[in-house]
There are 2 protein chains.
Amino acid sequence: MSSQSFKYDEMVEEALRGVMRKSLDIACAEGLPGNHHFYITFKTGVPGVAVPEYLSERYPDEMTIVLQYQFWDLLVDDEHFEVALSFNDVREKLYIPFEAVTGFADPSVKFGLQFQVSDDLITRPIAPISEAEHEVDEADDSTGDNGDNRDSGEEEATGQVVSLDQFRKKK
Amino acid sequence: MSSQSFKYDEMVEEALRGVMRKSLDIACAEGLPGNHHFYITFKTGVPGVAVPEYLSERYPDEMTIVLQYQFWDLLVDDEHFEVALSFNDVREKLYIPFEAVTGFADPSVKFGLQFQVSDDLITRPIAPISEAEHEVDEADDSTGDNGDNRDSGEEEATGQVVSLDQFRKKK
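Rules behind the numbers
- Residues numbered from 1 in each chain as written.
- Chains lettered and ligands numbered in written order.
- Predicted model: local features only at pLDDT ≥ 70, side-chain atom pairs only at ≥ 80, totals over all residues.
- Heavy atoms only, no water.
- Helix = DSSP H or I, 4+ residues; strand = E, 2+ residues; numbered from the N terminus.
- Buried < 20%, exposed > 50% of the residue type's maximum accessible area, 1.4 Å probe, protein only.
- Contact = heavy atoms within 4.5 Å.
- Areas by Shrake-Rupley, 256 points an atom, 1.4 Å probe, with all protein chains shown as cover.
- Pairing = 2+ DSSP bridges.
- Axes fitted to C-alpha atoms, helices over the stretch in contact; angles between N-to-C directions.
- Expected span 1.5 Å × (residues − 1).
- Salt bridge = Lys/Arg side-chain N within 4 Å of Asp/Glu carboxyl O.

Along its length, chain A carries four helices and seven strands. Burial statistics for chain A: of 171 residues in total, 51% are counted as buried. Long-range pairs, those at least 24 residues apart, make up 63% of the contacts in chain A with a sequence separation of at least 6. A total of about 8400 Å² of accessible surface is found on chain A, and carbon and sulfur atoms cover 45% of it.

What follows is the structure, encoded as structure tokens:
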């Protein structure tokens, strides 16, 4: 009996992506006060994602970035954000459409959101070099200043992600 | 260390009120197909709520309405919705600001949201006629066509409300 008109899960997801967007907007305008910091996990294969090639090769599926002390040139619009981060002391620009994001967390206040990214969105062939992929999985983690970037970095982020229910006060 | 800037609970709540608003927008444009129906619980004492006096006296705290087969003249804007419902065969207009809503559910698909309404918002003195209030609590439930209206009607509605987590697909 479910109607195509009432896709509540999609409506909720879109609404919560708006919360991520607003949080980045605030960070853009005011910086990140106190201990606030963002873990953002995104699918590197979604069209529109622009990261240096060596990063997308290293993280062919997902990549997690941390915005805390060392980030620059954060820009946010309705559809994407971009930011410069340091990797092995090289500052790199990342351009990330919101639709590529699978996780957003601010561990300082135990806030986290998870998002679905349709596999249909991912057009870049996964693992053109399958051996390289295996290497990635075993790569050590000391990959740069933004040291939480790893293909399985999401585990780290979601370790901080808590149920939305914790934010729904009891009546 | 929490900043005033990142009130995630408020941001999430506002975003989810947007889902309710959008659902009512869809119902406004397309009606309620299939088995879809809305349970909407609101605080009758919030300024801007306009319901017939005998209803606000009967439901001095909260009132739950059902939008399913018998509703008319649904109008939705950014701040409120209004709808005509039948009570004891009398059609009555209700005007409800979204900020007064504490619960929104579509039990047909087990979707539900709960919202906080600050007590500060409620300016109408609660129970000016305390005896009448006690009567309300014991009143029988066959109060009209919109038969789910009762001061404790929320129990009925929230019986259908499920955790948002059920709508957050597992990765």
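On to unusual backbone geometry. Even without being a glycine, A:Lys110 presents a positive backbone phi close to 55°. Tracing the backbone shows A:Lys110 in the loop between strand 6 (101-106) and strand 7 (111-114). The backbone phi angle of B:Asp89 is positive, close to 65°, even though this residue is not glycine. Topologically, B:Asp89 is positioned in the loop between strand 4 (80-87) and strand 5 (90-97).

This brings us to the pairing of strand 1 (residues 38-43) of chain B. Residue and element names in this part refer to chain B. When you tally the buried positions in strand 1, you get six out of six residues, the bulk of the element. Pairing of strand 1 with strand 2 (residues 62-67), which is carried by six bridges, proceeds in the antiparallel orientation. For Phe 38, the partnering residue across the bridge sits in strand 2 and is Leu 67. Where strand 1 and strand 6 (residues 101-106) come together, four bridges link them in antiparallel fashion. Paired with Tyr 39 across the bridge in strand 6 is Ala 105.

Further remarks concern the environment of A:Asp89. Residue A:Asp89 is classed as exposed on the basis of its relative accessible area, which comes to 67%. In the structure, A:Asp89 is positioned 51 residues away from A:Phe38 in sequence and 20 Å away in space, judged by C-alpha atoms.

So, on to the sheet that holds strand 1 of chain B. The pairing of strands in a sheet happens through backbone hydrogen bonds and is either parallel or antiparallel. Residue and element names in this part refer to chain B. Across the sheet, which stays open at both edges, the four strands sit in the order 2-1-6-7 with antiparallel pairing between neighbours. Bordering the open sheet on either side are strand 2 and strand 7 (111-114), each of which pairs with just one other strand. Averaged over all adjacent pairs, the angle separating strand axes in this sheet is 10°, with direction ignored. Contacts from helix 1 (residues 8-30) reach strand 1, strand 2, strand 6 and strand 7, with the element oriented near 55° to strand 6.

Taking 1.5 Å per residue as the helical rise, helix 1 (residues 8-30) of chain A with its 23 residues ought to reach 33 Å, and the 33 Å between its terminal C-alpha atoms agrees with that figure. A:Gly31, located one to two residues past helix 1 of chain A, shows a positive phi value of around 75°.

This brings us to the pattern of salt bridges. All names here are of chain A. Inspection of every chain in the model, using the stated rule, returns ten salt bridges over all chains. Across the pair Lys 43 and Glu 62 runs a salt bridge whose closest N-O atoms are separated by 3.7 Å. Of this pair, Lys 43 sits in strand 1 (residues 38-43) while Glu 62 sits in strand 2 (residues 62-67), and the two are 19 residues apart along the sequence. Both residues of the pair, Lys 43 and Glu 62, belong to the buried class. Each member of the salt-bridge network shares a partner with another, and the members are Lys 43, Asp 61 and Glu 62.

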